[in-house]
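One letter stands for each residue in the lines below.
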Amino acid sequence: MSSPGGQRVRVPRADDFGSRLRSAALAVRVGRLLGVCFALAFVTGVISHYAQLDRPPLPIPTSPAWGYRVNQALHVLSGTAAVPLLLVKLWTVYPLLFTRGPRPGLVPSRALVRVVLERGSIAVLVGSALFQLSTGLANVTQWYPWSFSFRGSHYAMAWIAIGSLLVHIGVKLPLIRSVLSRDLDDTGADRPTAVAPGLLTRRGLLRTTWLTAATAAVVSAGGTLSVLDRFAVLSARRSGGPDGLPINRSAEEADVVEAASAGDWTCQIWYGDRSVDLRRAELEQMTQHTVTLPIACVEGWSASATWTGVRVRDLVALTDAPANAEVAVTSLQRRGGARASVLPPNVTADDRTLLALRLNGAVLSLDHGYPARVIAPNRPGVLQTKWVQRLEVVR
Amino acid sequence: MRGLLVGIGVAVAGYGGWLLVSTQDAAAVRATVLWAVVAVIVHDLVLAPLVIGLGWVVRELVRRTGVGGRVAAALVAALVVLGSVTLVAVPVLGGFGADPRDPTLLPRDYGAGWWLVAGFSVLAGTALAFTGLLSEERPGRSDRGPGAPRRRRPHGS
């Protein structure tokens, strides 16, 4: 900015910003990768919402078992990488915030309407983009300093962000094409005053930006994948490690300690008017199966574990229900999310879908769902119901 | 093509707006919009001016100490990496959302983690700068020849 000393403070003008780094040539190139990150985060987010439907119109396959895990990893990695990209993008175009538009006359001119619409669409884009990234980052540490539903608002704003991004690309398409057809150091699309060399070259700033995006993704969101976990020094979770499998809601938080520790607990299996009650010892006497399956949370963390227990299809068979039944699972948990889920027919029928009694060889801990929990392949963690009280064949 | 993109974009964003107002009550919608508006204000009127101020300080520092272009470039790159990662890690560094009943949430030593990232930022910035990937000995050279778009080799000197 010019004339920092001596003069009266005034609102800056676009011409005050002299760095040749604040250029469309950089904005377009950073924006291109930012757009890819937003598209990835959007698609994986929509898939995650779909996966949480009780009765999706098209069933989600149970294989590959790691599908949802990779989906969530892509979601948090692309969202986290988008933060530095968005910051650099906004830095390169910041002077445009101070561009003077046409003077409003008595009758609004076409040019004025155009400027108002364009700026309005950018305001919506920037607002929704900052909303998505800030709320997403807070959600990872289960920090909710707001009064709206994270899930509802993050989902609705995702559509607003991606829609206004499409509008923005549409409006800027001629500029994007012309900038990308020329060299990074071409000044054709620059403001006339943006000529001062920076401390970095344009290529230098781009390289720094890519490095920053990659670093942010790995150190902050790397805890979502075991291969990145050791580098994820600022990640809110561990993908396994000495502390074992992460938990999203402890037994104490869910207020189930008493009910889950009760000696007279039984798992009730219902099919129409038929029902079977099984104590934990009786479940342990049934044929046990061991599977290695990841548990992947909607918040992005995931970890693989070895689960041992009874196949849900074997339990359902005790009531003479068909093996490919839809099964409603109810938890001992009385309030809060994740206290019920529905196993679609393809999940119930899968050999790997267990009512798990043991985790990594040891008896399930209270926090992991003792006396019994559901574990199934390729499902959001929120549907892997803990502290199971009842399995009911719905149809 | 442009009209198509704008048309689809308006429809998709409109669907998002409809989702917002149809799935949440009025107070939650207001809180959502307020969060977005405050986020824009915080960026445009707090964060961006802070970064401009920091940029001015760095340039003055470089001018007064007379350090070379590569040292300056290494400093800028390290600050960009560390500043951005610190911002991303605010919820983690602040321990917001931590719950003593769940030791698997925020299980790491994040102070040590931040210093590791700081060290990495300096090392990576220095490595990039001193292999000539961030700055040039003669800045602005490629702007001279009018109408000569060519791909420069960044470390040709």
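Being a predicted model, the structure only gives us computed values, none of them experimental.

Cut-off values and rules
- Residues numbered from 1 in each chain as written.
- Chains lettered and ligands numbered in written order.
- Predicted model: local features only at pLDDT ≥ 70, side-chain atom pairs only at ≥ 80, totals over all residues.
- Heavy atoms only, no water.
- Helix = DSSP H or I, 4+ residues; strand = E, 2+ residues; numbered from the N terminus.
- Buried < 20%, exposed > 50% of the residue type's maximum accessible area, 1.4 Å probe, protein only.
- Contact = heavy atoms within 4.5 Å.
- Areas by Shrake-Rupley, 256 points an atom, 1.4 Å probe, with all protein chains shown as cover.
- Rg over C-alpha atoms; globule rule 2.2 N^0.38 Å.
- Lys, Arg positive; Asp, Glu negative; His and termini not counted.
- Charge placed at Lys NZ, Arg CZ, Asp CG, Glu CD.
- Expected span 1.5 Å × (residues − 1).
- Bend = angle between axes of the 7 residues up to and from the residue.
- Salt bridge = Lys/Arg side-chain N within 4 Å of Asp/Glu carboxyl O.
- Patch = residues over 30% accessible without salt bridge, like charges linked within 9 Å, V, L, I, M, F, W, Y side chains within 5 Å.
- Domains from an automatic or database assignment.
- Buried area = accessible area lost by both parts, 1.4 Å probe.
- Polar contact = N/O pair within 3.5 Å; in protein donor to acceptor, adjacent residues only side chain to side chain.
- Nonpolar A, V, L, I, M, F, W, Y, C, P; charged D, E, K, R; others polar.
- Pairing = 2+ DSSP bridges.
- Axes fitted to C-alpha atoms, helices over the stretch in contact; angles between N-to-C directions.
- Core = buried A, V, L, I, M, F, W, Y, C linked by side-chain atoms within 4.5 Å.

The next point concerns the overall build of chain B. A count of helical and extended segments in chain B gives five helices and zero strands. Listing the helices and strands of chain B from first to last along the sequence gives α-α-α-α-α. Scored against the burial criterion, the 157 residues of chain B give a buried share of 36%. Expressed as a percentage of contacts within chain B between residues at least 6 apart in sequence, the contacts between residues at least 24 apart total 50%. Of the roughly 9100 Å² of accessible surface on chain B, 70% is carried by carbon and sulfur atoms.

Here we come to the overall build of chain A. Secondary structure summary: chain A contains nine helices and 10 strands in total. For 395 residues, the compact-globule estimate of 2.2 N^0.38 gives 21 Å, and the C-alpha radius of gyration of chain A, at 27 Å, exceeds that figure by more than 25%. Counting all 395 residues of chain A, 54% fall into the buried class. A fraction of 69% describes how many contacts in chain A between residues 6 or more apart in sequence connect residues 24 or more apart. Of the roughly 16900 Å² of accessible surface on chain A, 60% is carried by carbon and sulfur atoms. Chain A carries 42 positive and 27 negative side-chain charges, and their two centres are separated by 14 Å.

Note on helix geometry: an α-helix contains 3.6 residues per turn, so any two residues three or four positions apart are oriented the same way. Residues and elements named next belong to chain B. Here helix 2 (residues 26–65) spans 57 Å end to end across 40 residues, near enough to the 58 Å set by a 1.5 Å rise per residue. Along its length, helix 2 reaches its greatest deviation from straightness, about 35°, at His-43. Positioned one or two residues after helix 2, Gly-66 has a phi angle of 65°, which is positive.

Residues and elements named next belong to chain A. Omega for the bond connecting Ser-63 with Pro-64 falls within 30 degrees of zero, at -5°, which places this linkage in the cis form. You can see Pro-64 is positioned in the loop between helix 1 (24–51) and helix 2 (67–93). The omega torsion across Tyr-370 and Pro-371 is 10°, close enough to zero to call that bond cis. As for its placement among the helices and strands, Pro-371 is situated in the loop between strand 8 (362–363) and strand 9 (373–375).

For the rest of this paragraph, the subject is the side chain of Ser220(A). By the element assignment, Ser220(A) lies in helix 5 (residues 202–221). Take Ser220(A): its relative accessible area is 12%, and that puts it in the buried class.

Side chains that carry opposite charge are capable of pairing whenever their charged atoms lie near each other. Residues and elements named next belong to chain A. Evaluation of the coordinates by the stated rule reveals 20 salt bridges over all chains. Two residues, Asp-185 and Arg-203, come together in a salt bridge whose shortest N-O distance is 3.3 Å. Of this pair, Asp-185 sits in the loop between helix 4 (150–180) and helix 5 while Arg-203 sits in helix 5; the two residues are 18 residues apart in sequence, bridging distant segments of the chain. Judged by its relative accessible area of 12%, Arg-203 falls in the buried class. For Arg-280, the salt bridge goes to Glu-284, with nearest N and O atoms at 3.1 Å. Pair noted here: Arg-280 and Glu-284 are both in helix 7 (residues 280–285), with a separation of four residues, about one helical turn.

Residues and elements named next belong to chain B. A cluster of nonpolar side chains, contributed by Val-33, Leu-34, Val-37, Val-38, Ile-41, Val-42, Leu-45, Val-46 and Leu-50, occupies part of the molecular surface with about 790 Å² of accessible area. With respect to the helices and strands, Val-37 occurs in helix 2. The exposure class of Val-37 is partly exposed, given its relative accessible area of 42%.

The subject of this paragraph is the environment of Leu34(A). Residues and elements named next belong to chain A. Note that Leu-34 resides in helix 1. Considering only alpha carbons, one finds Leu-34 and Ala-296, 262 residues apart in sequence, at a separation of 25 Å. The contacts of Leu-34, once residues within four sequence positions are left out, are Ala-82, Leu-85, Leu-86 and Lys-89.

So, about the domain arrangement of chain A. All names here are of chain A. Once the domains are mapped, chain A shows domain 1 (14–231) and domain 2 (257–393). Domain 1 and domain 2 are separated by 40 Å when their C-alpha centres are compared. Between domain 1 and domain 2, the residue contacts involve 24 residues of the former and 24 residues of the latter. When the two sides are added together, the surface that domain 1 and domain 2 hide from each other amounts to roughly 1900 Å², 48% of it contributed by carbon and sulfur. Taken together, the connections running from domain 1 to domain 2 amount to one salt bridge. A salt bridge links Arg-55 to Glu-326; the nearest nitrogen and oxygen atoms lie 2.8 Å apart. For the pair domain 1 and domain 2, the interface holds 12 residue pairs in polar contact (both at pLDDT 80 or more). Sorting the residues of the side of domain 1 that touches domain 2 by element identifies helix 1, helix 2 and helix 3 (110–140) as the ones contributing at least two each. The dominant element in the side of domain 1 that touches domain 2, judged by the number of residues it contributes, is helix 2, at five residues. In terms of residue class, the side of domain 1 that touches domain 2 is built from 11 nonpolar, 10 polar and three charged.

This next bit is on the sheet that holds strand 2 (residues 274–279) of chain A. Residue and element names in this part refer to chain A. Strand order in the open sheet formed by five strands is 2-1-10-5-6, and the pairing between neighbours is mixed. Each edge of the sheet is formed by a strand with only one pairing partner; in this case those strands are strand 2 and strand 6 (340–343). Here the average twist between neighbouring strands, direction ignored, is 15°. By the bridge criterion, four bridges tie strand 5 (residues 327–331) to strand 6 in an arrangement that is antiparallel. Looking across to strand 6, one finds that Thr-330 is bridged to Ala-340.

The subject of this paragraph is the interface of chain A and chain B. At the junction of the two partners, chain A supplies 83 residues and chain B supplies 79 residues. Interface area for chain A against chain B, summed over the two sides, is near 6700 Å², with a carbon-plus-sulfur share of 70%. Applying the counting rule to chain A against chain B returns two salt bridges. Its salt-bridge partner being Arg237(A), residue Asp102(B) comes within 3.9 Å of it at the nearest N-O pair. Going through the elements one at a time, helix 2, helix 3, helix 4 and helix 5 of chain A are the ones with two or more residues in the side of chain A that touches chain B. When the residues that make up the side of chain A that touches chain B are grouped by side-chain class, the tally is 45 nonpolar, 24 polar and 14 charged.

Moving on, we get to the nonpolar core. Among the nonpolar cores identified, the biggest contains 73 residues, and Phe38(A), Leu86(A), Leu234(A), Val85(B), Val117(B) and Leu134(B) are the most heavily contacted of them. Per-element accounting of this core gives the leading share, 10 residues, to helix 2 of chain A. Here Leu86(A) is in contact with Leu34(A), Ala129(A), Leu130(A) and Leu133(A), once residues within four sequence places are set aside.

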